[in-house]
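Report on the structure
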Amino acid sequence: MAAQQAAAPQAAAYHAVAGHTAGRALVLGGGGVAGIAWITGLLAGLADAGQDVTGAGLLIGTSAGAAVAAQLGSGLSLDALFARQVDPALQSTEIAAEIDFAKFAEDLAPYLAKADTVDGQLRQFGGFALAAKTVPEADRRAVIASRLPSHDWPSRDIRLVAVDCETGSTAVFTPASGVTLIEAVAASCAVPGIWPPVTIGGSRYMDGGVRSSDNADLAEGASEILVISPLGMDSPLPTQMPLREVVAKLRAGGALVTVIEPDEASKAAIGTNALDPATRVPAANAGRAQGQAGLPPAA
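Residues numbered from 1 in each chain as written. Predicted model: local features only at pLDDT ≥ 70, side-chain atom pairs only at ≥ 80, totals over all residues. Heavy atoms only, no water.

Overall, the coordinates contain 3 cavities of 30 Å³ or more when judged by the stated rule. The space that makes up the largest cavity amounts to roughly 360 Å³. Every element with two or more residues in the lining of the largest cavity is listed here: α2 (32-48), α5 (101-112) and α7 (137-147). Among the elements that take part in the lining of the largest cavity, α2 stands out by supplying 3 residues, more than any other. Across the lining of the largest cavity, the residue classes break down as 18 nonpolar, 6 polar and 4 charged. The volume enclosed by the second largest cavity comes to roughly 90 Å³. Mapped by element, the contributors of at least two residues to the lining of the second largest cavity are α2 and α4 (78-86). Its residues assigned to classes, the lining of the second largest cavity comprises 2 nonpolar, 4 polar and 4 charged. (1 Å grid on protein atoms, 1.4 Å probe; cavity = no way out; pocket = protein on both sides within 12 Å on 5 of 7 lines; lining within 4 Å. Points joined across faces, edges and corners; volume = space filled by probe spheres on them. Helix = DSSP H or I, 4+ residues; strand = E, 2+ residues; numbered from the N terminus. Nonpolar A, V, L, I, M, F, W, Y, C, P; charged D, E, K, R; others polar.)

What follows is the structure, given as structure tokens:
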């Protein structure tokens, strides 16, 4: 795959050793606990290859990507964050769950059939999320808290994406939003039908991935954009904003865009249930090995 190719000169230009580099955006997409591990491993592998990309001026995180984005601002090194994925003594406490994409789509279909607009579909997605029987919200919050080395917002431009269950509107949480980091990450990670929507200020929020697995469109305006997408260009989840189309639009607007999706070894390590905590070690190791091959060419 493209992600295994040697870094081209324009990709190498993305390299940022220290500080935050204005004009560059790092977009981290959704993909369960396996996605968190894989992204973390990939970032560590890129750093091993001399291409630490975490100094981008803008950091956008969705679902798994929101968790990693928050972790990047914790003050821990990439090696330390990697250790938290592969060392059982350091791993976060997770609740085992399973997602069957075919059944997920089947259960969701009656809801989506009631809507004929994008906003309407998101509201129906919200109805599906609110109606689902899940673990208590407090239990899920405790999981998110255990994932984050620091519960303080990073002092950088970080944007975590969720969706309001009732209105279908996009919520982009930032350090200035007045919500806690735990709330923002939990909302962005609230997979409909699996995890409970998150209550913030009287509203209920669900996973930002129902809008888009990566929400790369929110990086519009950046001159260089790196998208790290556990679900890849052809996500199995229903979406009105396929990554392939979003990337094409960003490139048409003049941005230099690089996309990294799992290579074959990483796909095998992630497996068929990205919500299984047992995937963390193999996914992190596969991601690190993939990252050590360097950035693919941008376009």
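Of the residues making up α4, those classed as buried are Leu 78, Leu 81, Phe 82, Arg 84 and Gln 85. Viewed along the axis of α4, the buried residues span an arc of 155°, placing them on a single side of the element. Where α4 is buried, its residues touch α2, α3 (64-72), α7 and α11 (280-291). (Buried < 20%, exposed > 50% of the residue type's maximum accessible area, 1.4 Å probe, protein only. Arc of directions from axis to C-beta. Contact = heavy atoms within 4.5 Å.)

Below, the discussion takes up unusual backbone geometry. Look at Ser 63: it is not a glycine, yet its phi comes out positive at around 55°. Despite not being glycine, Asn 215 shows a phi value in the positive range, around 55°. On the basis of relative accessible area, Asn 215 is assigned to the buried category, the value being 0%.

Here we take up the packing of α7 against helix α8 (residues 181-188). How two helices sit against one another is set out by the angle between their axes and by the gap between those axes. Taken N-terminus to C-terminus, the directions of α7 and α8 make an angle of 110°; their axes are 9 Å apart at the nearest point. What the angle tells us is that α7 and α8 run roughly perpendicular. Relative to α8, the crossing made by α7 is right-handed. On α8, the residues that touch Arg 141, Ile 144 and Ala 145 of α7 are Ile 182, Glu 183, Val 185 and Ala 186. In the contact of α7 with α8, the residues fall into 5 nonpolar, no polar and 2 charged. (Axes fitted to C-alpha atoms, helices over the stretch in contact; angles between N-to-C directions. Parallel < 35°, antiparallel > 145°, perpendicular 65-115°, else oblique. Left-handed = near helix turned anticlockwise from the far one by under 90°.)

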